[in-house]
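As a plain string of letters, each chain reads:
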Amino acid sequence: KMIKSFIDLQEEAGGTIDFDGCVRIAFNRMMQDFRTSILDLCHSADEMEKSSGNPFWTGTKRKPRPVDWTEPTPLLWEYLYATANLYACVWKVEVIRDLEQFQSAVERLNLEQPVWSPGAKVDLSEGDNDDDGASEDDEKLKGELYKVDTSKLQPAQPQEFEKDEDDNFHVDFLTVSTNMRAYNYDIKASARHSVKVTAGRIIPALATTTAMVCGLVGIEFCKLVLGLQSQGSDKFLNSNINLAAGSGNFTTFAPDPPVAIKTGLDSPHPTSFSSWDKIELSCKSKELSVDQLVQYLERSFGVSVDRIFLHGDQDDKAIYNAVDRQKLEWSIDFSEDGKVAVSDGVFTLWPQVRMAVQMLGRLPPTSGQRAIFKSQVEKVKKALDQTKESFMNRLSGPVSLAFREVYRPAEEGDKQTYFDTVFNGKDYVTLGVDC
């Protein structure tokens, strides 16, 4: 959305951005980040309090306050100054360093604070709130961006962060942005030199520790690619690096032995397994069906298979579930006298049909209400037949086809494309089994 706003601004100005445009972008960013989002948050919290009856701003939760452009404070001017000039550097526009000249340029634009109205709802649930996928609006916006003719736009120049260059507005922007958020939550403001020192520590940490850890993890992954896991866990290493000590010590050591989990099976079947163990099934001529895979596992290991699913998946999805197999024995039958016999399991999945079955058993054949209840039972019978057919198709079909049917993302977009690319590039699937 930010990129779209940049493009719209350029198109309005005929494909160019001047310093006035940089000021407008900075102002819109300030209003969104430090006013509109704060008002949306407070409104959502108020609505939650009304619905639950419990106060939201308690304990460590501090109610924020929005900035107000109707009476601009020096802090707001500092933000506009640093941000607008930073955007000017991005689009290679001549910056305005003189504060009085900058203030005159801003006043000439007659910037007005947008009128806020309740609209956007903020997710107030605690914990990680990662978006599961792109919305239709996001996909539509992405499509619009792909159609933009970039040759008609003013090129942007990425800025490399440099804390030791005082006239590039980098540390100025970090400082005033930090203090703007501090104002929102009534936190003590930070001095410029303090922000500069903190920011200076982040880049070296990313360029050293993170790079080393990624490299070491990559080495362990290479061992998996080479198949060294078949030679035991002693081929793999844990590593300990302490850059803070400055001693250059680098220690590697073998990981702890894997935790063995008892299977409850008797020899010659496996009596225990660990996270390193797996069973490889190779289909040389024809791929196994889901039913053949279940029969093989039960016959080879003397177990009853409950579920077969994507290894590591935490959802309830499965390419095979013994509970679904039980539905094949469920039935709904109408007798000649108009009564209906329904398996008990049907009521667990369609509890609403119980009343209809009872009424059909009580109402006389001449009752006009029988047609209503019979229609309800017939709809459930149709749904049961479809469930059986779907399960049988999956059970008799290849394992890979069932895997794709269950785990391929339903919504079109990047996730679906990624799944197809990975799925089509492999000649195997990794499955977990509950017995």
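What you see is a predicted model, and the numbers here were worked out from it, not measured in a lab. (Residues numbered from 1 in each chain as written. Predicted model: local features only at pLDDT ≥ 70, side-chain atom pairs only at ≥ 80, totals over all residues. Heavy atoms only, no water.)

Caption draft 1: Seen up close, the overall build of the protein. Counting its secondary structure elements, the protein contains 14 helices and nine strands. Over its C-alpha trace the protein gives a radius of gyration of 32 Å, far above what one expects of a compact globule, namely 22 Å for 435 residues. Overall size of the protein, expressed as C-alpha extent along the three principal axes, is 95 × 70 × 50 Å. Split into buried and exposed, the 435 residues of the protein put 30% on the buried side. (Helix = DSSP H or I, 4+ residues; strand = E, 2+ residues; numbered from the N terminus. Rg over C-alpha atoms; globule rule 2.2 N^0.38 Å. Buried < 20%, exposed > 50% of the residue type's maximum accessible area, 1.4 Å probe, protein only.)

Caption draft 2: Looking closely at the pattern of salt bridges. With the rule as written, the count across this model stands at 16 salt bridges. For the salt bridge of Asp 291 with Arg 325, the shortest nitrogen-to-oxygen distance reads 2.9 Å. Of this pair, Asp 291 sits in helix 8 (residues 290–301) while Arg 325 sits in helix 9 (residues 322–326); the two residues are 34 residues apart in sequence, bridging distant segments of the chain. The partner of Asp 420 in a salt bridge is Arg 404, and the shortest N-O contact between them spans 3.9 Å. With Asp 420 in helix 14 (residues 414–425) and Arg 404 in helix 13 (residues 399–407), this pair connects stretches of sequence that are 16 residues apart. (Salt bridge = Lys/Arg side-chain N within 4 Å of Asp/Glu carboxyl O.)

Caption draft 3: Spatial organisation of helix 12 (residues 370–396). With 27 residues, helix 12 should reach 39 Å at 1.5 Å per residue; the first-to-last C-alpha distance of 39 Å fits that figure. Those residues of helix 12 not exposed but buried are Arg 370, Phe 373, Val 377, Val 380, Leu 384, Lys 388, Phe 391 and Leu 395. (Expected span 1.5 Å × (residues − 1).)

Caption draft 4: A look at the sheet that holds strand 6 (residues 320–321). Across the sheet, which stays open at both edges, the three strands sit in the order 6-5-9 with antiparallel pairing between neighbours. Strand pairing shows two members of the sheet lacking a second neighbour, strand 6 and strand 9 (431–434), which therefore form its edges. Note: strand 5 (residues 307–310) against strand 6, two bridges, orientation antiparallel. Considered in strand 6, the bridge of Arg 307 is made with Asn 321. (Pairing = 2+ DSSP bridges.)

Caption draft 5: Highlighting the packing of helix 3 (residues 74–90) against helix 6 (residues 170–184). It is the contact of helix 3 with helix 6, at a shortest axis distance of 9 Å, that shows an interaxial angle of 140°. Taken as a pair, helix 3 and helix 6 cross one another with a handedness that is left-handed. Residue-level inspection shows Leu 75, Leu 76, Glu 78, Tyr 79, Ala 82, Thr 83 and Leu 86 of helix 3 in contact with helix 6, the latter providing His 170, Asp 172, Phe 173, Val 176, Ser 177, Asn 179, Met 180 and Tyr 183. (Axes fitted to C-alpha atoms, helices over the stretch in contact; angles between N-to-C directions. Left-handed = near helix turned anticlockwise from the far one by under 90°. Contact = heavy atoms within 4.5 Å.)

Caption draft 6: Inspection of the packing of aromatic side chains at higher detail. The tally for this structure, following the rule as stated, stands at 14 aromatic pairs. Seen in terms of ring centroids, Tyr 81 and Phe 102 are 5.3 Å apart; in terms of plane orientation they differ by 90°. Their pairing is edge-to-face. Of the two residues, Tyr 81 sits in helix 3 while Phe 102 sits in helix 4 (residues 99–109), which places them 21 residues apart along the sequence. Note on Tyr 81: relative accessible area 17%, which makes it buried. On the basis of relative accessibility, which here comes to 2%, the residue Phe 102 falls in the buried class. In this structure an aromatic cluster arises from ring pairing among Phe 19, Tyr 81, Phe 102 and Phe 169. Sitting over the face of the ring of Tyr 183, Arg 65 holds its NZ or CZ atom 3.9 Å from the ring centroid. The aromatic ring of Phe 347 is capped on one face by Arg 354, whose charged end is 4.2 Å from the ring centroid. (Phe/Tyr/Trp six-rings, centres within 6.5 Å; stacked < 30°, edge-to-face > 60°. Lys NZ or Arg CZ within 6 Å of the ring centre and 35° of its normal.)

Caption draft 7: Local environment of the environment of Val 176. Here Val 176 lies in helix 6. C-alpha separation for the pair Val 176 and Tyr 79, spaced 97 residues apart in sequence, amounts to 5.6 Å. Those residues in contact with Val 176 that sit more than four places away from it in its chain are Leu 75, Glu 78, Tyr 79 and Ala 82.

Caption draft 8: Broad picture of the nonpolar core. Met 30, Trp 69, Leu 80, Phe 102 and Met 180 are the most contacted members of the largest nonpolar core, which totals 37 residues. Elements represented by at least two residues in this core include exactly helix 1 (2–12), helix 2 (19–52), helix 3, helix 4 and helix 6. A total of 12 residues in this core trace back to one element, the largest contributor, which is helix 3. In terms of nonpolar packing, the next biggest core, distinct from the first, is built from 22 residues, Leu 293, Phe 301, Ala 318 and Ala 322 among them. (Core = buried A, V, L, I, M, F, W, Y, C linked by side-chain atoms within 4.5 Å.)

Caption draft 9: Inspection of helix 13 at higher detail. What helix 13 keeps buried is the set Val 399, Ala 402, Phe 403, Val 406 and Tyr 407. The buried residues of helix 13 all sit within an arc of 105° when viewed along its axis, so they share a single face. Those residues of helix 13 hidden inside the fold are in contact with helix 8, strand 5, helix 12, helix 14 and strand 9. (Arc of directions from axis to C-beta.)

Caption draft 10: Expanded view of the side chain of Asn 168. One can find Asn 168 in the loop between helix 5 (136–146) and helix 6. At a separation of 3.4 Å, a polar atom in the side chain of Asn 168 contacts the main-chain carbonyl oxygen of Glu 165. For Asn 168, the side chain forms a polar contact with the main-chain nitrogen of His 170, separated by 3.1 Å. Ignoring any residue separated from it by four or fewer positions in sequence, one finds Asn 168 in contact with Leu 86 and Glu 162. (Polar contact = N/O pair within 3.5 Å; in protein donor to acceptor, adjacent residues only side chain to side chain.)

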